[in-house]
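# Architecture at a glance
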Amino acid sequence: MNNDNNILVPILPTPTYNRSAFRRNIFGEPTGIWEYLDENKNIHCIMVRYDFIGDKKYLPKTYGNLNGKIGWHNKKHPNGNILYNLPTILIDKDFSKLILIVEGEKAAEAAQKLFPNMIVTTSMFGNQTASKTDWSPLAGKPVCIWPDKDKAGDLYAESVIQQCKLVKARKISLVNVPENFPDGWDLADELPVDVSLSDINLLITNAHDRSIDVTSTSSIDISSPLIHEEDSVCDNEIKSDVETNSLEKKTSQLNFNLTKKWPPYPAKDAFNGIAGKIVNIIDPHAESDQVALLIQFLTVFGNIVGRNPYFMVGGTRHGINLFNILVGDTSLGRKGTSLDCILYLFEKLNCDDWNKKCIQTGLSSGEGLMWAIRDPIEKLEKDKSKNGNGKIEMVVADPGISDKRLLILETEFSRVLKVMEREDNTLSNILRDAWDAKTLSNLTKNDSLKASNPHISIIGHVTKSELYRYLNNTEAANGFANRFNWICVRRSKLLPEGGNLNTVDFSYLIKELISIVEFSKQVNEMRRNDSAKEIWKKVYEPLTDGRPGLLGAMIARGAPQVMRFSCIYALLDKSFEIRSEHLMSALALFDYIEESCEYIFGEALGDPLALV
């Protein structure tokens, strides 16, 4: 077939080739060959790199017919440029992986080895042709751009950001390469001195959100879960709030440092398994922080499964009930919407009417909590029947509650903190016993109440300024507060029209979750396998080493919190034992919790007494 118009006509499939086929007398042997594959994994074109003294050269190679000559030609594909690693991008249909965009094929190849759980891509010829590349496969996917550390890298990054916005990619974030990295450095180069792979991962974790151009400091609420910058606006609001309540401030025994930075986003291990899948599916339809979705999913799941699974630490039995408090800034934290999304999902499971019987709000007293899961109440009564002869006998006055699972939802947790300040309120003591899964009881002589085998979980929402006012020194130091995980959350995106969660097909996940719940209910004592035991030996000391001040008091139960998380991750994986990956997920999540506590409580002064 002749083509007199000097237009290349591509031919598929391309033949096999070797490196010598691309040798050039001017440049010599190629130093890099990268295939750009189309959606059917056919070679769309090849990018070839040549290195020679003081310079380098990139040439595209497309197989086809050019003026009657069939072979590899130094031309781009006439149908346009496609993304590197395209088939892998397209196969990720549940949007579960972060797309990392770098400049150049060599950097992409190196980055894929560094980050095997991400999908790394690039476009041909850097910023010169970014606008001529088809970026549409990134629509709806989370992307992060890692630029080369030079001016060309900055130009490429800005060009890619604009293209990603045009195709409506989500969570578009940009890595800020540290100033101490060498000029021209990219991911194909050796790591700088004293820089580890974990440091590199952290740069991605802390990448700056570029999804929406921020033009005012008032737009702090639109930050993405992929990044958490210093919340200066939030801190100023709190300072003002505290100043206007100077009398209340003086009565508090706590002195909070308000200059801490927002915690880095959790490592990807925290989103492993079905929990991560569910978060990623819900995320496009919610303004909520992904961490809020994750932590509430784990809490609800742990409550639905119930009391059967447990882990023994010496003579202490730990269940999988969690106490978690989301700390955000008023409605902008989108704490409530994240809870609604998770409950929406679990309502579809229809697990023995759990959502109708086992969810309550209005936590105000220890007696009220016990009443919700009370044992049968018996009392002595005179037999008034004809043949009873007026005998005094024990009768069941109240049948009690047979299902001891209880999920307490407190979207205004500050109210609970205020209630506990009342004299003779027993709530703090009862909640501590509830976390420990001990039998709950009061010691009142008349009208005594008992709730045995409790399985109580708590999800609370509170603002940072409310904590400053209502969390007193006693509850911070007496073992109440460190039974809770305090987690920073805030809005991830703007959805003026709301999401379309009702259009999402959860059917396959519902089926999988039902199977997981039924499996988990049959599990009893859980143990770590050998690999998890080795990891636990290494992390146990840091988890149990005391830290000074209020912060140390708030995270003093790090070891049992991690243990409970790891049990839940194992059950979600339908595993009777805790494996290394389950423990790593738990550690990644607790790292974020610890960072959250540092942000929330900072270097707060207090008098953390013995932790009961």
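Now for a look at the structure at hand. As the structure is a prediction and not an experimental result, all values here were calculated from the model.

## A few points about the side chain of glutamine 561
Here glutamine 561 is to be found in helix H19 (residues 558-572). Among the polar contacts made by the side chain of glutamine 561, one reaches the side chain of asparagine 485 at a distance of 3.2 Å. Contact partners of glutamine 561, with chain neighbours within four places excluded, come to Trp435, Asn482, Arg483, Phe484, Asn485 and Phe590.

## What to know about helix H2 (residues 105-114)
Among the residues of H2, those classed as buried are Glu105, Ala107, Ala108 and Ala111. Projected down its long axis, H2 shows its buried positions confined to an angular sector of 150 degrees, all on one face.

## Describing the sheet that holds strand E20 (residues 455-463)
Sheet architecture is open: five strands sit in the order E14-E17-E20-E13-E21, paired in parallel fashion. Pairing within the sheet leaves two strands with one partner each, and these edge strands are strand E14 (359-360) and strand E21 (485-488). One ladder, built from six bridges, connects strand E17 (residues 405-410) with E20; its direction is parallel. Bridge pairing in E20 links leucine 406 to isoleucine 456. In this fold helix H20 (residues 580-601) packs onto strand E13 (323-328) and E21, with an angle of close to 80 degrees to the strand it touches most, E21.

## Considering unusual backbone geometry
The omega torsion across leucine 12 and proline 13 is 0 degrees, close enough to zero to call that bond cis. Considering the arrangement of structural elements, one finds proline 13 in the loop between strand E1 (9-10) and strand E2 (32-37). A positive phi angle, close to 55 degrees, is found at asparagine 67, a residue other than glycine. Inspection of the secondary structure puts asparagine 67 in the loop between strand E4 (55-66) and strand E5 (69-73).

## Considerations on a nonpolar patch on the surface
Side chains of Leu380, Ile392 and Met394 sit close together on the surface and give an oily, nonpolar patch of about 330 Å² of accessible area. A relative accessible area of 55% places isoleucine 392 in the exposed class.

## Overview of the packing of H19 against H20
Where H19 meets H20, the axes come as close as 8 Å, and the angle between the chain directions of the two elements is 130 degrees. By the angle between their directions, the pair H19 and H20 is classed as oblique. The two elements H19 and H20 cross, and the hand of that crossing is right-handed. Between H19 and H20, the residues in contact are Gly558, Gln561, Val562, Phe565, Ser566, Tyr569 and Ala570 and His582, Leu583, Ser585, Ala586, Leu587, Leu589, Phe590 and Ile593, respectively. Here the residues of the contact of H19 with H20 are counted per class, giving ten nonpolar, five polar and no charged.

## So, the pattern of salt bridges
Summed over all chains, the structure comprises 15 salt bridges. A salt bridge links glutamate 29 to arginine 23; the shortest N-O distance between them is 3.3 Å. Linking aspartate 573 and arginine 579 is a salt bridge whose minimum nitrogen-to-oxygen distance equals 2.5 Å. The class for arginine 579 is partly exposed, based on a relative accessible area of 25%.

## Points about helix H8 (residues 290-305)
For H8, which comprises 16 residues, the first-to-last C-alpha distance of 23 Å matches the rise-based estimate of 22 Å (1.5 Å per residue) to within 8%. Most of H8 is tucked away, with 16 of its 16 residues classed as buried. The opening residue of H8, the one whose side-chain oxygen lies 3.0 Å from the backbone nitrogen of valine 291, is aspartate 289. Following H8 by one or two positions, glycine 306 has its phi on the positive side, about 95 degrees.

Each value, and the rule that gives it
- Residue positions are counted from 1 within each chain, in the order its sequence is given.
- Selection of residues for local features in this predicted model requires a pLDDT of at least 70, selection of side-chain atom pairs for listing and counting requires 80 or more, and totals for whole chains, interfaces and linings are taken over all residues.
- For the side-chain quantities, the full set of heavy atoms in the structure was used; hydrogens and water were omitted.
- Numbering of helices and strands runs from the N terminus; a helix is a DSSP stretch of H or I covering at least four residues, while a strand is a stretch of E covering at least two.
- Whenever a nitrogen or oxygen atom comes within 3.5 Å of another N or O atom, the pair is scored as a polar contact, on the condition that within protein one atom can donate a hydrogen and the other can accept it, and that pairs from neighbouring residues in sequence are kept only if both atoms are in side chains.
- Contact definition: two residues touch when any of their heavy atoms are within 4.5 Å.
- Burial here depends on accessible area, computed with a 1.4 Å probe over protein chains only, as a share of the maximum for the residue type. Under 20% is buried, over 50% is exposed, and the range in between is partly exposed.
- For this quantity, the arc is that covered by the directions from the helix axis to the C-beta atoms.
- Two strands qualify as a pair provided DSSP detects at least 2 bridges between them.
- As a rule, the C-alpha atoms of each element are fitted with a line to give its axis, helices using only the stretch in contact, and angles between N-to-C directions run from 0 to 180 degrees.
- A patch consists of residues exposed above 30% relative accessible area that lack any salt bridge, with like charges linked at up to 9 Å and nonpolar side chains (Val, Leu, Ile, Met, Phe, Trp, Tyr) linked at up to 5 Å.
- Where accessible areas are quoted, they stem from the Shrake-Rupley method and a 1.4 Å probe; at the residue level, only the protein chains shown are allowed to cover.
- Salt-bridge detection follows one rule: a side-chain nitrogen of Lys or Arg within 4 Å of a carboxyl oxygen of Asp or Glu.
- When describing relative orientation, an angle under 35 degrees is termed roughly parallel and one over 145 degrees roughly antiparallel, while 65 to 115 degrees is termed roughly perpendicular and anything else oblique.
- Crossing handedness follows the turn of the near helix against the far one: under a right angle anticlockwise gives a left-handed crossing, and clockwise gives a right-handed one.
- Throughout this entry, Asp, Glu, Lys and Arg are counted as charged residues, while Ala, Val, Leu, Ile, Met, Phe, Trp, Tyr, Cys and Pro are counted as nonpolar. The remaining residues, Gly among them, count as polar.
- A helix's residues, less one, multiplied by 1.5 Å, set its expected span.

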